[in-house]
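Below, each chain spelled out in residue letters.
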Amino acid sequence: MGGVNYARLGRPNNTGTRIVCVSGDVQRPGYFEIEVGAVTIGQLIYEMAGGLKPGRKLKAIIPGGSSAKVLRAGERFKLKQKQPDGASIEREMSIDEIPMDFDSLAAAGSMAGSGGVIVLDDSRDMVWALNNINEFYAHESCGQCTPCREGSLWMQKITDRMLRGGGVTEDPKTLKSIGGNIAGRTICAFGEACAWPTQSFVEKFPEEFAARAQKPVPPALPPEYTPEELIEAESIQAVPMAHDPGWEKAGAAGLI
Ligand code: SF4
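What counts and what doesn't
- Each chain carries its own residue numbering, running from 1 in the direction its sequence is written.
- Restriction of local features to residues with pLDDT of at least 70 applies here, the model being predicted, together with a cutoff of 80 or more for giving and counting side-chain atom pairs; totals for whole chains, interfaces and linings are based on all residues.
- Helix and strand definitions here come from DSSP, where helices need a minimum of 4 consecutive H or I residues and strands a minimum of 2 consecutive E residues; each element is numbered from the N-terminal end.
- Buried means a residue has 20 or more other C-beta atoms within 10 Å of its own C-beta, exposed means 12 or fewer, and partly exposed covers the counts in between; C-beta atoms are placed from the backbone.
- Here contacts are defined at the residue level, using C-beta atoms placed from the backbone and a cut-off of 7 Å between them.
- To estimate how far a helix should extend, the number of its residues minus one is multiplied by 1.5 Å.
- The arc in question is formed by the directions pointing from the helix axis toward the C-beta atoms.
- Inter-axis angles, ranging from 0 to 180 degrees, are taken between N-to-C directions of lines fitted to C-alpha atoms, where helices are fitted over the stretch in contact.
- Throughout, the term roughly parallel applies to angles under 35 degrees, roughly antiparallel to angles over 145, roughly perpendicular to angles from 65 to 115, and oblique to all others.
- Left-handed describes a crossing whose near helix is turned anticlockwise from the far helix by less than a right angle; the clockwise case is right-handed.
- The classification used treats Ala, Val, Leu, Ile, Met, Phe, Trp, Tyr, Cys and Pro as nonpolar, Asp, Glu, Lys and Arg as charged, and all other residues, Gly among them, as polar.
- Any residue whose C-beta atom, as set from the backbone, lies within 6 Å of a molecule or strand is reported as near that molecule or strand.
- Paired strands, as defined in this entry, are two strands with at least two bridges between them according to DSSP.

Things to note about the environment of I95
Here is step 1: Mapped onto the fold, I95 is located in the loop between β8 (88-93) and α3 (102-107).
Here is step 2: A tally of 21 C-beta atoms within 10 Å means that I95 is categorised as buried.
Here is step 3: Separated by 37 residues in sequence, I95 and L58 place their C-alpha atoms 9.9 Å apart.
Here is step 4: When sequence neighbours within four positions are dropped, the list of residues in contact with I95 reads I41, I61, L71, A73 and E75.

Encoded structure:
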């Protein structure tokens, strides 16, 4: 097949083929070569990848590698699709009906990205899933830009703390704020890559993040003291802080 014929495959503006990798909660994970946009997410999961595990329901899809924004099952998506004659038609569709092409996944609020499709069924804890992703990005940040170096680690520390039971009510808001202060403020696209999972997981699954963020916001940091005041250190009250294991111990003991 020559270049001209190859370019006839796929959908307008999304031509050719791609190899996608389906992993996660499917019966037949693996690599599949698809004609771009000729296969929907539903066909990819239920026909090519063998469907979900017995008795399970679809919870979410990450359609283009771990940095792609997560799509929640049950959402409705309004997509404008370019037709062969150049016209655009808007259609509302379910997650299963979204074509696996660049324009459609971008219009659905995510991206085709690397083609790494991660399928999550209803057995998955989304805070756990995000923490797993955050661990990867915190580890992989090269450290050159402060927002990425610090922010990826902060996000990971917060989701880790939420999993361990130390989440505070401000955590979902803080996670979104950190993500917002990384994306667009770094040298390379890794900044967006590490921010988008956190931003989208918290936005799409607010109830799961709220459930893990039950403790009251910790008290304000103590004021800074002058050297003279520090001489009287014994009179200064110690206040446990959020990043201090003492905060969690005090919380567990019902002192906060
Ligand atoms: S955004 Fe890129 S260059 Fe900057 S710290 Fe992250 S990985 Fe390094």
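Now that the structure is up, let's keep going.
Some remarks on helix α6 (residues 171-182)
Here is step 1: Between its first and last C-alpha atoms α6 spans 17 Å; for twelve residues at 1.5 Å apiece the expected length is 16 Å, and the two agree.
Here is step 2: Listed in full, the buried residues belonging to α6 are D171, P172, L175, I178, G179 and I182. Viewed along the axis of α6, the buried residues span an arc of 125°, placing them on a single side of the element.
Here is step 3: Elements in contact with the buried residues of α6: α5 (146-164), α7 (190-204) and α8 (206-211).

Let's talk about the packing of α6 against α7
A pair of packed helices is captured by two measures, namely the crossing angle of their axes and the spacing between those axes.
Here is step 1: The interhelical angle for the contact between α6 and α7, taken along N-to-C directions, is 150°, at an axis separation of 8 Å. Between α6 and α7, the crossing angle belongs to the class labelled roughly antiparallel. When you trace α6 past α7, the crossing you get is left-handed. Residues P172, L175, K176, G179 and I182 of α6 pack against G191, C194, A195, T198, Q199 and V202 of α7.
Here is step 2: Residue classes in the contact of α6 with α7 are distributed as six nonpolar, four polar and one charged.

Regarding the site of the ligand
Here is step 1: In the neighbourhood of the ligand, the contacting residues comprise S141, C142, G143, Q144, C145, C148, R149, T186, I187, C188, F190 and G191.
Here is step 2: Listed by contribution, the elements that provide at least two residues to the shell around the ligand are α5 and α7.
Here is step 3: Residues of the shell around the ligand, tallied by class, amount to six nonpolar, five polar and one charged.

Considerations on the sheet that holds strand β5 (residues 58-62)
Here is step 1: Spatially, five strands are ordered β4-β3-β9-β5-β6 in an open sheet, and the strand pairing comes out mixed. Lying at the two open borders of the sheet, with one neighbouring strand each, are β4 (30-35) and β6 (71-72).
Here is step 2: As paired elements, β5 and strand β9 (residues 116-121) share four bridges and run antiparallel to each other. Note that in β9 the partner of A60 across the bridge is L120.

Looking at helix α2 (residues 41-48)
Here is step 1: For α2, the complete set of buried residues consists of I41, L44 and I45. The arc enclosing the buried residues of α2, seen along the axis, measures out at 85°, which places them on a common side.
Here is step 2: Lining the buried residues of α2 we find β3 (17-24), β4, β5 and β9.
Here is step 3: Downstream of α2 by one or two residues, G50 has phi in the positive range, about 80°.

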